[in-house]
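Here is what each chain is made of, one letter per residue.
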Amino acid sequence: MRSLLAFWMSQTDRLEAFKVQQCPKNCLLTLFDYRTGRELTDSAFSTYQHHQLDCIALFVLMSVQMISSGMEIVHTKTEVSVFQNLIFYLERAYRIPDFGMWERGTKQNTGSVELHASSVGFAKAALEAANSFNVFGQSGDHTTVIHVDIDAHSRNRIILTNLLPRESASKGCDSALIPTLCWPGHATHEPVRKTALHNIFSRFRGEYGFKRFSRDGYGTVLEPSRGALYSHGELKSFEAIECQWPIMYAFLVIEHCLQGDRTTATLYKQKLDDLRVECDLPFGPDSSQPPQSSRWLPKFYFVPRDYLQEERDRPGSQARRPNFELNDTVFLWGEAVALIAELLESGYLMAHDLDLLRRYKSFHERPLDLSRRVPFINKLQDLVVQVVLISESVRLQQMLATFGVQSQTPTQVEPITLWPSKNLIKVQECLGQCERLGLSGRPLRPIGQLGTAKFYRVPGRTVLCYPLLFEMRDFYLLHDMDMVIDEVRTNLQFLSTWWRLRGRPTFCFLLREDMIRAAGAKQLIAFLTGMRSGRVNGVRVLLGRAQNLLASACVDHLDYLQDHGDAFKDLPSVEELSVEKSFRSLMNIQGHAAVAVEREEWIDVRRVESSSSEDLCQLIDTASLNMGPRTQLLHILHDRHGPLYALSGGTETVSHRLEDLSRTAGVQQRWAIVRYASAILRKEVDSLAPSLSNVIVAGKKIIIGSDIVIDRPLTPKELCQIMYAQYPPGPSGKAVLLQELILFLGSLISRDNSLFRGIYYIRLDPLVDALDIELENVDDALYGGCKILQNLSPYKIQSLLVSILRRDRLRDPYWQRRIDGCLCRVPPGFYEGVYGVLEACTGGVRIGSTLIEQYPCLNDMSRNDANFVFAVQAILARETRNPALRQMLVEALVIIELILQRNPELAVKEELDVLRIIDEAWRDFKSERELTGPEADKSMVLFYQTEAVVSRGTSSFIAKAALNFLLKGELSLSRSKQLNSTCLMS
């Protein structure tokens, strides 16, 4: 263990680079020369895939287990810094694709990485084990305690739950989940654990161990070279002949011993003993050492070349041979796990000797570790979320008091100090810093909802932070009170659902005067008074003074700051706004009212482009000029001279005027102006990165413009650079509108992932089109008759988004098809059905101008492969600009798959052109309806407006056209026999 730590200490440059960019070239090396403790320079290891997060996580987890037993692994403060940086390395495992436990990345083994449940699971387990743990053991002090970001742990937990029972996008089932969900990981005890393990047992368990995953070519006689990358179309040849690994039996012996099931453990132990092979082998990687005779456990058992076809025809029927016949050496990993299994099963080792942290038990069964100041606990059934209301001024406090809402000012919460969460980011930069090794400390990552729900003890003060929601003052969402109230509800619900720390969470609600000035103040006051009932959307809440709630709150200790006094010396805290305090001034807060604007007035800027800047400045100051044209003129000046250009009088810049204009427009609820001004200033919202991460790690991809695919988390700055490059500032304000949509998508997908069922690519431009379609057709008082998306408030746009995702309105078929086509939403089982269609079509399936060829597609991807899903949806999305036609393609493929499923004797040698089938169905529809003249020109729209599953609906016409095409094909009796079915055609 110390050798591993020393090896990674020599790679601090990689640790630092990984903080900036999480990619394989910056990762820690996981293979090293055990004789020298240095990097392997042998050319045989030059292509080794080192990027394996589970390996780093296993080291952290086992280090904590061993230190808990009394062993000394970390000796110096420098080593403590390295250990803390390993935690930073793991915290973002939920969003970092790697090569996984088998060192291969995707199933296709082409050198590509993907997100693995095993890596996320081990990272989660390591973070839980290391949280508030002293790596010096009993002799440690405050400087040797490890700190874990509770929000990072929560995201890993959420993403692991979302990924399971799959292992990754390309591997729906994988034996790597056995050590992840059993010993040594015990990553989760949620019900999905049983589902994942059941899938592995039912699909991969054999007489010689477990297969790793389907179509795994490693160790088979058909694999060209061990460790070499595969070529396209090669994967199919490994189907049904995958090697079986006995080591998985050893993991199961250990797991059943830990759970007290000795009978099952003994059965697996017997299987393990029967699989050992008596032979003379060199021990270790150095083949020059003399062979040692013993009963060794093979790494895997393979199918000999002469019996491959028989094994494919009757899986499990052929005798397999141990890998030692391929001149392999001792499998040290297998021997180590088997030894532990033998010690446990024979009674020489007890459960508490192997797992001192009791991870094999669920949280509620584990003893509470009182040595940790902020330990993880089991979820409380009826958790109370504490709420502290902070008014930024005395007059705001007095105004709220007249409605019965009791709050405190920043002065009144003393000696508690109020901080923005960015202060926490600043003070935590000290964590893991080491000038000697060049380690910079904690990366500049935002503090999430869970992190701001704790009180913090820093030297000389107690601190409470308000959440990121109230730091969006530079963005415009705080002008929308409905949006603020909805976000607060979401925050409280999130805290209630995911809180796992000792002590209650505390939500700091920062109330600003701008919130009362804005339209919607009445809703805010009603919400605040409603909180006094003790319930908010089913969440139990407790309003109180910060000083009184401290005793029952979760309190974290940042004692390491004692040695870094300068880190928090000049940090700004929330200060009380100095205003009038007389009773007469209370109503002065409400100074503006909303202006009902259904359509903003704009000017043709070509008329003023030739005007001088001085003339434009004079026009801007014209009192009669509307806010829209004024914003356009400021935009021209901004493009000419930049944001610091001084306007008439020299006291105000273009930037300041745009800020004032945006603020005034926000108070008046003139959202098109707000978005336009924000786009000119190129504003970006701080919480954009977490929202994007929520979408990405939920298995979705975002497409900006026509071809920019976002499939990995980005910083707000990176994302906004793409946005503003694609959508330059203009009256549509599209760049900031899309930021809003990403915020909403991130919030909704974390709240209810089922809303996005059947959607894998989220194309932002078609999503805006879908919202326009919904707004054009919907008749709801919420939208006040407005038919222009840019003029809606953020909350109303979010409501519109929820409406199209839930499909809770009765819509005209054409209306619904257009929306579903924009979203690229498909019914359950659609992509598995397309895979079945492709199996029956030798010539491939044509969608528009793109031909999906049967091979190598079927060779490289299986029926449940998520990569096949992304490939098909990408083709559907780009092949037609008509969303209704796109959805009709989906309906046609569903019907074709149903016909082929019921009639497996049908096989198609030529290519299946889905668009041609729809065209024939439409012509038949037009002929039956006897549409001529102007009606014939509109017949395609009439076709889209027709219900699918009704008498003479679109499905009947498509089915007829599809049958006409399919019956031209040949009858394949061999395919019918293979699918074990008979002709069902009537």
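Computed from a predicted model, the values in this text were never measured in an experiment.

S.K.: Which parts of the structure should I look at to understand the overall build of the protein?
M.R.: When you go through the protein residue by residue, the secondary structure sums to 38 helices and 25 strands. Since a compact globule built from 986 residues should have a radius of gyration of about 30 Å, the 32 Å found for the protein is in line with a globular shape. A total of 986 residues make up the protein; the buried ones form 59% of that total. Long-range contacts, defined as pairs at least 24 residues apart, comprise 72% of the intrachain contacts of the protein with a sequence gap of at least 6. Accessible surface for the protein amounts to roughly 41600 Å². Of this, 49% is attributable to carbon and sulfur atoms.

S.K.: How should I be thinking about the environment of Thr188 in this particular structure?
M.R.: With respect to the helices, strands and loops of the structure, Thr188 is situated in the loop between helix H7 (177-181) and helix H8 (192-204). Assessed through its relative accessible area of 8%, Thr188 is described here as buried. Put simply, Thr188 and Ala453 are 265 residues apart on the chain and 24 Å apart in space, counted from C-alpha to C-alpha. Leave out the neighbours within four places in its chain, and Thr188 touches Lys124, Leu160, Leu164, Leu181 and Arg193. A polar atom in the side chain of Thr188 sits 3.1 Å from the backbone nitrogen of Glu190.

S.K.: Got a minute to help me understand the side chain of Gln397 in this structure?
M.R.: Tracing the sequence through the fold places Gln397 in helix H14 (residues 394-401). Under the relative-accessibility criterion, Gln397 is labelled buried at 14%. Separated by 2.8 Å, the side chain of Gln397 and the backbone oxygen of Ser407 make a polar contact. In contact with Gln397, not counting residues within four places along its chain, are Ser391, Ser407, Gln408, Thr409 and Gln412.

S.K.: What is the right way to read the pairing of strand E10 (residues 384-391) from this model?
M.R.: The side chains of a regular strand alternate, residue by residue, between the two faces of the sheet. Burial of E10 is extensive: eight of the eight residues sit out of reach of the surface. Taking every second residue as pointing to the same face, both faces of E10 are buried, with Val384, Gln386, Val388 and Ile390 on one and Val385, Val387, Leu389 and Ser391 on the other. Bridge analysis of E10 against strand E16 (residues 539-543) gives four bridges, and the strand direction is parallel. Following the sheet pairing, Gln386 is matched in E16 by Leu542. Pairing of E10 with strand E14 (residues 506-511) involves six bridges; the strand directions are parallel. By the bridge assignment for E14, Ser391 is matched with Leu511.

S.K.: Can you help me understand the packing of aromatic side chains in this one?
M.R.: The relative placement of two aromatic rings is captured by the distance of their centres and the angle of their planes. In this structure the tally under the stated criterion is 30 aromatic pairs. Judged by centre distance (5.3 Å) and plane angle (70°), the ring pair of Phe201 and Phe210 falls under edge-to-face. Centre to centre, the rings of Tyr760 and Tyr831 are 5.6 Å apart; their planes meet at 80°, and the pair counts as edge-to-face. In this pair, Tyr760 sits in the loop between helix H26 (734-751) and strand E20 (761-763) while Tyr831 sits in helix H30 (residues 830-840), placing the two residues 71 residues apart along the sequence.

S.K.: Just checking my understanding: could you explain the packing of helix H25 (residues 716-726) against H26 for this structure?
M.R.: How two helices pack is summed up by the angle between their axes together with the distance between the axes. Close contact between H25 and H26 brings their axes to 9 Å; oriented N to C, the two are set at 135°. Judged by the angle between their axes, H25 and H26 are oblique. In terms of crossing hand, the pair formed by H25 and H26 is right-handed. Facing H25, whose interface residues are Leu719, Cys720, Met723 and Tyr724, H26 presents Ala735, Val736, Leu738, Gln739 and Ile742. Classifying every residue of the contact of H25 with H26 gives eight nonpolar, one polar and no charged.

S.K.: Would you mind going over the sheet that holds E14 with me for this structure?
M.R.: Picture the strands of a sheet paired through backbone hydrogen bonds; they go either parallel or antiparallel. In space, the four strands of this open sheet follow the order E14-E10-E16-E15, with mixed pairing throughout. Where the open sheet ends on each side, the last strands, each with one partner, are E14 and strand E15 (535-536). As defined by bridge partners, E15 adjoins E16 across two bridges and the pair is classed as antiparallel. Within the sheet, the bridge partner assigned to Arg535 lies in E16 and is Arg540.

S.K.: Explain the domain arrangement of the protein here, please?
M.R.: Note: interface size is frequently given as the accessible area lost on complex formation between the parts. Domain boundaries in the protein define domain 1 (1-202), domain 2 (385-564), domain 3 (605-681), domain 4 (682-809) and domain 5 (828-985). Once you take the C-alpha centre of each, domain 2 and domain 5 turn out to be 54 Å apart.

S.K.: Just to check I follow, could you spell out the sheet that holds E20 for this structure?
M.R.: The strand order across the open sheet built from three strands is E19-E18-E20, with neighbouring strands paired in mixed fashion. Only two strands of the sheet have a single neighbouring strand rather than two, namely strand E19 (708-710) and E20. Neighbour-to-neighbour, the strand axes of this sheet turn through a mean angle of 25°, independent of strand direction. Both strand E18 (residues 701-704) and E19 contribute to a ladder of three bridges, which runs antiparallel. Bridge pairing in E19 places Ile704 opposite Ile708.

S.K.: Got a minute to help me understand the side chain of Thr653 in this structure?
M.R.: The residue Thr653 is located in the loop between helix H21 (627-641) and helix H22 (654-667) in this model. Residues contacting Thr653, with those up to four places away along its chain left out, are Pro643, Leu644, Tyr645, Ala646 and Leu647.

S.K.: Looking at this structure, I do not really get the environment of Ile696. What am I missing?
M.R.: With respect to the element layout, Ile696 can be found in helix H24 (residues 688-697). Counting along the chain gives 601 residues from Ile696 to Arg95, while the straight-line C-alpha distance between them is 7.7 Å.

What counts and how
Residues numbered from 1 in each chain as written. Predicted model: local features only at pLDDT ≥ 70, side-chain atom pairs only at ≥ 80, totals over all residues. Heavy atoms only, no water. Helix = DSSP H or I, 4+ residues; strand = E, 2+ residues; numbered from the N terminus. Rg over C-alpha atoms; globule rule 2.2 N^0.38 Å. Buried < 20%, exposed > 50% of the residue type's maximum accessible area, 1.4 Å probe, protein only. Contact = heavy atoms within 4.5 Å. Areas by Shrake-Rupley, 256 points an atom, 1.4 Å probe, with all protein chains shown as cover. Polar contact = N/O pair within 3.5 Å; in protein donor to acceptor, adjacent residues only side chain to side chain. Pairing = 2+ DSSP bridges. Phe/Tyr/Trp six-rings, centres within 6.5 Å; stacked < 30°, edge-to-face > 60°. Axes fitted to C-alpha atoms, helices over the stretch in contact; angles between N-to-C directions. Parallel < 35°, antiparallel > 145°, perpendicular 65-115°, else oblique. Left-handed = near helix turned anticlockwise from the far one by under 90°. Nonpolar A, V, L, I, M, F, W, Y, C, P; charged D, E, K, R; others polar. Domains from an automatic or database assignment.

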